[in-house]
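# Breakdown of the fold
The lines below spell out each chain.
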Amino acid sequence: MKIAVYQMDIIPGKPEQNRKKVANWVESVCNEDKPDTVVLPEMWTTAYTLNDLEDLAEDESETTIHLLKELAVKFQINIVGGSFATKEDAKIYNRAVVINRAGELIYQYDKMHLVPMLNEHLYLEGGKSSAGIFELDGQKMGLIICYDLRFPELMRGLALQGAQAVFVLAEWPEARSNHWKVLQQARAIENQMYIISSNRVGEYDGVEFCGHSMIVDPWGDFIHVASQHKEETVVASLNLEKVKEVRENVPVFKSRTPQYYLPH
């Protein structure tokens, strides 16, 4: 499976401009690299304009989802559509979506863990359903959003459901860039799966974002790490048979003894 990740500089509070930017990128990358799946970052339509989300969050019109469905069909690609602020029942969620080649919305996930350092709970509602599995081209995948990366239980749950790869959609800050790299490598190693991340670059409200979108293989080796401060496209082909190979050579999941682990 060939993956193309967009490391994007988001225009704050300008959804229409960001949608146009993403549409242009998808057309360009599909003409140049012909990926099977493209990946977008967290909150890519608005950036973290929390104070303005009441006005900027999408409602039932589903403008962004409609665009992603059109792009998926036009270019015959799967789209891990990043996340964007979505209103439902008068609450705002940080919602990620996955669209298949037929233009079907096959999965959505609301970010469970809200960042206390940003007072996200004052603006957003945390998701009430755990992350689950979806299939792209017959392969089992999962996704999480940014701060979720700090919770190993969530990723292990995806691995136990059979995920061969997990997408991490983020606006991860430069101040904690070392955590960004180490945590992704750790999650890949401990769960013996591919980790594919899309992080933004640029700056907003005094916060600089670290970029370094990456693809890590099931051994924990870095296949590709993007630059720190500029927009970039990360392209790589995943050999998903490697997941099976690693899990057979180091049979972590067969060695588990959950009956003896502390209760959660």
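Scope of this entry: the structure provided in the associated data block. (Residues numbered from 1 in each chain as written. Predicted model: local features only at pLDDT ≥ 70, side-chain atom pairs only at ≥ 80, totals over all residues. Heavy atoms only, no water.)

It is worth spelling out the packing of aromatic side chains at this point. Summed over all chains, the structure comprises four aromatic pairs. Here Tyr147 and Phe151 contribute two aromatic rings whose centre-to-centre distance is 5.3 Å and whose plane-to-plane angle is 85°, an arrangement assigned as edge-to-face. Owing to a relative accessible area of 25%, Phe151 belongs among the partly exposed residues under this scheme. Taking the ring centre of Phe222 as reference, the NZ or CZ of Lys181 above it sits at 4.9 Å. (Phe/Tyr/Trp six-rings, centres within 6.5 Å; stacked < 30°, edge-to-face > 60°. Buried < 20%, exposed > 50% of the residue type's maximum accessible area, 1.4 Å probe, protein only. Lys NZ or Arg CZ within 6 Å of the ring centre and 35° of its normal.)

Turning next to the sheet that holds strand β14 (residues 232–237). Across the sheet, which stays open at both edges, the six strands sit in the order β5-β4-β3-β2-β1-β14 with mixed pairing between neighbours. Among the strands making up the open sheet, the edge pair consists of β5 (105–110) and β14. Sheet twist, expressed as the average angle between the axes of neighbouring strands with direction ignored, equals 25°. The strands touched by helix α3 (residues 63–75) are β3 (78–88), β4 (91–99) and β5; relative to β3, the strand with the most contacts, the crossing angle is about 165°. (Pairing = 2+ DSSP bridges. Helix = DSSP H or I, 4+ residues; strand = E, 2+ residues; numbered from the N terminus. Axes fitted to C-alpha atoms, helices over the stretch in contact; angles between N-to-C directions. Contact = heavy atoms within 4.5 Å.)

With that settled, the discussion passes to the environment of Gly142. Within the secondary structure, Gly142 sits in strand β7 (residues 139–145). Residues Gly142 and Ala131, spaced 11 residues apart in sequence, show a C-alpha to C-alpha distance of 7.2 Å. Dropping the residues within four chain positions of it, Gly142 is found in contact with Gly132, Phe134, Leu158, Ala163, Ala165, Val166 and Phe167.

The subject of this paragraph is the packing of helix α4 (residues 152–160) against helix α5 (residues 177–191). Across the interface, α4 lies against α5 with an axial gap of 10 Å and an inter-helix angle of 40°. With respect to their mutual orientation, α4 and α5 come out oblique. α5 is crossed by α4, and the crossing has right-handed handedness. Together, Pro152, Met155, Arg156 and Ala159 of α4 and Arg187, Glu190 and Asn191 of α5 make up the contact between the two elements. Here the contact of α4 with α5 is built from residues that sort into three nonpolar, one polar and three charged. (Parallel < 35°, antiparallel > 145°, perpendicular 65-115°, else oblique. Left-handed = near helix turned anticlockwise from the far one by under 90°. Nonpolar A, V, L, I, M, F, W, Y, C, P; charged D, E, K, R; others polar.)

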